[in-house]
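# Structure assessment
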Amino acid sequence: MRDAERLVEQQYAMLLRRDVARLPDLYAPEAFYSMPGVTVRPIELPALLRTWTGAFPDLRVDVLGAVRTGGGAAVELRLTGTHTGTLHSPYGTVAPTGRAVSWEVADVVRARKGRITAWRSYFDWSHLLDALGVQFDGLSRAAHHDALALPV
């Protein structure tokens, strides 16, 4: 679906420009954005993505491939950045490590009538946290259920 591809390109471009305040405009009112450990409404998306650009101020997106689906698009990408800010994860808060890391993500996006209705972002937290040098001893989602409290 060309609408979904256009919307995906717009969201990635807005993220790279750090112009995330208007991201909810791309979404239908009933839509959602999810990633492992968190699901947000469109109005909450700018805060969530600011946590990522705050943790990785030089964050880059490299699209590796894309496929059109029946009502949207699936995109494979690599994110790369240097961890110089605090990262909020479902496993706890990670202080800046200064490490340059890359991780792969699959985004599955559905769109209807020119608006995103669902955006699911899939990646492996354990791979990212390992690349950052985070020790997993004692870390658990249950122990850190409020780790993704988003700053406003």
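Above this text you will find the structure in question.
The structure displayed is predicted, hence computed values, not measured ones.

## Digging into the sheet that holds strand β3 (residues 60-69)
Taken together, the six strands give an open sheet; going across it, the order is β2-β1-β8-β7-β4-β3, and neighbouring strands pair in mixed fashion. Lying at the two open borders of the sheet, with one neighbouring strand each, are β2 (38-40) and β3. Neighbour to neighbour, the strand axes of the sheet diverge by 15° on average, direction disregarded. One ladder, built from four bridges, connects strand β1 (residues 27-35) with strand β8 (residues 115-122); its direction is parallel. When the bridges of β8 are listed, S34 appears paired with R120. In the packing of helix α1 (residues 2-16) onto the sheet, contacts are made with β1, β3, β4 (72-82), β7 (100-112) and β8, and the angle to β3 comes to roughly 170°. Relative to the sheet, helix α2 (residues 45-55) contacts β1, β2, β4 and β7, its axis offset from that of β1 by approximately 35°.

## Examining the packing of aromatic side chains
Applying the stated rule across the entire model yields eight aromatic pairs. Here the aromatic residues W52, F56, W103, F123 and W125 are joined through ring pairs into a cluster of three or more.

## Some thoughts on α1
Between its first and last C-alpha, α1 extends 21 Å over 15 residues, near the 21 Å set by a 1.5 Å rise per residue. All of the buried residues along α1 are A4, L7, V8, Q11, Y12, M14 and L15. For α1, the arc enclosing every buried residue in end-on projection is 160°, short of the 170-degree limit, so these residues lie on one face. What points out from α1, more than 90 degrees from its buried face, is the exposed set R2 and E9.

## Digging into the pairing of β7
Along β7, the buried face is formed by V101, W103, V105, D107, V109 and A111; none of A100, S102, E104, A106, V108, R110 and R112, which line the opposite face, is buried. In this sheet, β7 lies alongside β4 in antiparallel orientation, the contact comprising eleven bridges. For A73, the partnering residue across the bridge sits in β7 and is V109. The turn joining β7 and β8, which pair antiparallel and follow one another in sequence, is formed by two residues; a positive phi near 55° is taken by K113.

## Concerning the side chain of S89
Assignment of secondary structure puts S89 in strand β5 (residues 87-89). Here Y91 takes part through its backbone nitrogen, which lies 2.9 Å from a polar atom of the side chain of S89. A distance of 2.9 Å separates a polar atom in the side chain of S89 from the backbone oxygen of G92.

Parameters at a glance
Residues numbered from 1 in each chain as written. Predicted model: local features only at pLDDT ≥ 70, side-chain atom pairs only at ≥ 80, totals over all residues. Heavy atoms only, no water. Pairing = 2+ DSSP bridges. Helix = DSSP H or I, 4+ residues; strand = E, 2+ residues; numbered from the N terminus. Axes fitted to C-alpha atoms, helices over the stretch in contact; angles between N-to-C directions. Contact = heavy atoms within 4.5 Å. Phe/Tyr/Trp six-rings, centres within 6.5 Å; stacked < 30°, edge-to-face > 60°. Expected span 1.5 Å × (residues − 1). Buried < 20%, exposed > 50% of the residue type's maximum accessible area, 1.4 Å probe, protein only. Arc of directions from axis to C-beta. Polar contact = N/O pair within 3.5 Å; in protein donor to acceptor, adjacent residues only side chain to side chain.

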